[in-house]
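This is what each chain is made of:
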Amino acid sequence: MRVIKVLNNSLVLALNDQGQETILMGKGIGYHKSIGYRFSPNEIEKVFVLKDRELSRRIIRLAAETDSIYFEMAKSVIDYAVETFHMKLMDHIYLSLTDHLAFAAKRIRNGVILQNFYTLDMKKFNPREFQVGEYAVQLMSQKLKVTVPMDEAGNIAFHFINAQYDNPSNTQNLIIAHAVNDVLDIVKYTFGLCYNEDSLSYSRYVTHVQLFMQRLVSHNQLPEDPSTLLYDQIAPVCQKEFACVDKIQIYITEQFQTKLTNQERLYLALHIHRVLEDQT
């Protein structure tokens, strides 16, 4: 394996012996490495052969904008899930979990806590995934020197439910994937967008819509917030985004015969707002 580019301390872009581009992951793997450096096998912890160009672009983009500690923590949590529960996980978990941990840390440091009202249900019905989430919370608290609420364990557990090849809920994946594409199209055609798929806001937007559809199909929407203060503050300044959410509501009603809660509407509007900002 020969280095093409150092992405950060935990990731490098390399060529393997077959001339294929790969991303190599490992703690400190990029530290003081120069172009042309050849790795020995014991220096490498994870190899991504870049067959999925979209996944590789998103990993490279995330590496440029995210501290390497979040990649290291994500890999430690994933290793724990695989070693403890023998989970068979799709590679996209490395991307989505790293982004989640970085975003969660930023929220917590800014005093923004997203309460997970399904923590007890998650612990009861998905105990393995919840235990992985608990491990992640403990690791974040230790590494980042911040107090991470246990509700975050449920949010992290969702990523492991979604990423398992053999999870029974994956029978719903085709329904979810189809609905995600439909929602992305509603937003795209409402605003005449050409999505900037290389932006981090787009990556977070897609991840949010995927998790949103997972909650919807599982009948686990974010509940109504007894305080409407945040909703009332944001709605007047995001009128066009909420108008688009109204169109999504019509689609959801037709396809799933349900109504979105105000919290789901709020977070959809915020992610649409960030995508629209990329267009300016």
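> Would you take a moment to explain the overall build of the protein for this structure?
From N to C terminus, the protein includes 11 helices and 4 strands. For a compact globule of 280 residues, the expected C-alpha radius of gyration is about 19 Å, and the protein comes in at 20 Å, within 12% of that figure. Viewed in the frame of its principal axes, the protein has a C-alpha envelope of about 55 × 45 × 40 Å. Across the 280 residues in the protein, those meeting the buried criterion constitute 50%. Considering only contacts within the protein whose residues lie at least 6 apart along the sequence, 69% involve residues at least 24 apart. When the accessible surface of the protein is summed, it comes to about 14100 Å², and 52% of that surface belongs to carbon and sulfur atoms.

> Just checking my understanding: could you explain helix H5 (residues 127–144) for this structure?
Quick reminder: α-helices carry 3.6 residues per turn. Residues three or four places apart thus point the same way. Given a rise of 1.5 Å per residue, 18 residues ought to cover 26 Å, and the 25 Å separating the end C-alpha atoms of H5 matches this to within 8%. Turning to H5, its buried residues number three or more, namely Glu 129, Phe 130, Val 132, Gly 133, Ala 136, Val 137, Leu 139, Met 140 and Leu 144. Two residues or fewer past H5, Lys 145 is found with a positive phi of approximately 55 degrees.

> Would you explain the packing of aromatic side chains in this entry?
Given two aromatic rings, their pairing is described by the distance between the two centres and the angle made by the two planes. This model, assessed by the stated rule, comprises 7 aromatic pairs. Measuring from ring centre to ring centre gives 5.1 Å for Tyr 195 and Tyr 202, while their planes differ by 50 degrees; the resulting arrangement is tilted. Across this residue pair, the class does not change: Tyr 195 and Tyr 202 are buried. Taken together, a centroid distance of 5.2 Å and an interplanar angle of 70 degrees make the contact between Tyr 231 and Phe 242 edge-to-face. On the criterion of sequence distance, the pair formed by Tyr 231 in helix H9 (residues 229–234) and Phe 242 in helix H10 (residues 239–256) is long-range, its members being 11 residues apart. Each member of the pair, Tyr 231 as well as Phe 242, is classed as buried. Feature note: the residues Tyr 80, Phe 85 and Tyr 135 constitute an aromatic cluster, connected by ring pairs. One residue, Lys 33, lies across the ring of Tyr 37, its end atom 5.3 Å from the ring centre.

> So what exactly am I meant to see when it comes to the sheet that holds strand S3 (residues 21–25) here?
Within a beta sheet, neighbouring strands are joined by backbone hydrogen bonds and run either parallel or antiparallel to one another. A sheet is described by the order of its strands in space; here 4 strands give the open sequence S1-S2-S3-S4, paired in antiparallel fashion. Here the strands that pair on one side only, and so sit at the sheet edges, are strand S1 (2–8) and strand S4 (46–49). On average, each strand axis in the sheet is tilted by 25 degrees relative to the strand beside it, whichever way the strands run. For strand S2 (residues 11–15) and S3, the ladder comprises 5 bridges, and the chain directions are antiparallel. For Leu 11, the partnering residue across the bridge sits in S3 and is Met 25. Sitting on the sheet, helix H1 (residues 53–65) touches S1, S2, S3 and S4, and the angle it makes with S3 is about 45 degrees.

> What's the story with the pattern of salt bridges in this structure? I'm lost.
It is possible for side chains bearing opposite charge to pair when their charged atoms get close. Throughout the structure, instances matching the rule amount to 8 salt bridges. Residues Glu 264 and Arg 215 are paired through a salt bridge, measuring 2.8 Å at the closest nitrogen-oxygen approach. Pair noted here: Glu 264 is in helix H11 (residues 262–278) and Arg 215 is in helix H8 (residues 200–217), with a separation of 49 residues, a long-range link. Owing to a relative accessible area of 0%, Glu 264 belongs among the buried residues under this scheme. The class of Arg 215 is buried, set by a relative accessible area of 10%.

> Please clarify how the environment of Leu 62 should be interpreted in this entry.
Structurally, Leu 62 can be placed in helix H1. Sequence spacing of Leu 62 and Ser 203 is 141 residues, and the spatial spacing of their C-alpha atoms is 9.0 Å. Excluding residues within four positions of it along the chain, Leu 62 makes contact with Phe 71, Leu 95, Thr 98, Asp 99 and Leu 200.

> What's the story with the pairing of S1 in this structure? I'm lost.
Looking along a regular strand, one sees side chains alternate from face to face of the sheet. Where S1 meets S2, 5 bridges bridge the pair, whose relative direction is antiparallel. Bridge assignment links Asn 8 to a residue of S2, and that residue is Leu 11. With antiparallel pairing between neighbouring strands as the criterion, S1 and S2 make up a hairpin whose turn holds 2 residues.

> Would you mind showing me how to read helix H2 (residues 68–85) here?
With 18 residues, H2 extends 26 Å from end C-alpha to end C-alpha; this agrees with the ideal 26 Å at 1.5 Å per step. Within the span of H2, buried status applies to Ser 68, Tyr 70, Phe 71, Met 73, Ala 74, Lys 75, Val 77, Ile 78, Tyr 80, Ala 81 and Phe 85. A distance of 2.9 Å separates the backbone nitrogen of Ile 69 from a side-chain oxygen at the start of H2, and that oxygen is part of Asp 67. Looking one or two residues past H2, His 86 carries a phi angle of roughly 55 degrees, positive in sign.

Reading guide: rules and limits
- Residues numbered from 1 in each chain as written.
- Predicted model: local features only at pLDDT ≥ 70, side-chain atom pairs only at ≥ 80, totals over all residues.
- Heavy atoms only, no water.
- Helix = DSSP H or I, 4+ residues; strand = E, 2+ residues; numbered from the N terminus.
- Rg over C-alpha atoms; globule rule 2.2 N^0.38 Å.
- Buried < 20%, exposed > 50% of the residue type's maximum accessible area, 1.4 Å probe, protein only.
- Contact = heavy atoms within 4.5 Å.
- Areas by Shrake-Rupley, 256 points an atom, 1.4 Å probe, with all protein chains shown as cover.
- Expected span 1.5 Å × (residues − 1).
- Phe/Tyr/Trp six-rings, centres within 6.5 Å; stacked < 30°, edge-to-face > 60°.
- Lys NZ or Arg CZ within 6 Å of the ring centre and 35° of its normal.
- Pairing = 2+ DSSP bridges.
- Axes fitted to C-alpha atoms, helices over the stretch in contact; angles between N-to-C directions.
- Salt bridge = Lys/Arg side-chain N within 4 Å of Asp/Glu carboxyl O.
- Polar contact = N/O pair within 3.5 Å; in protein donor to acceptor, adjacent residues only side chain to side chain.

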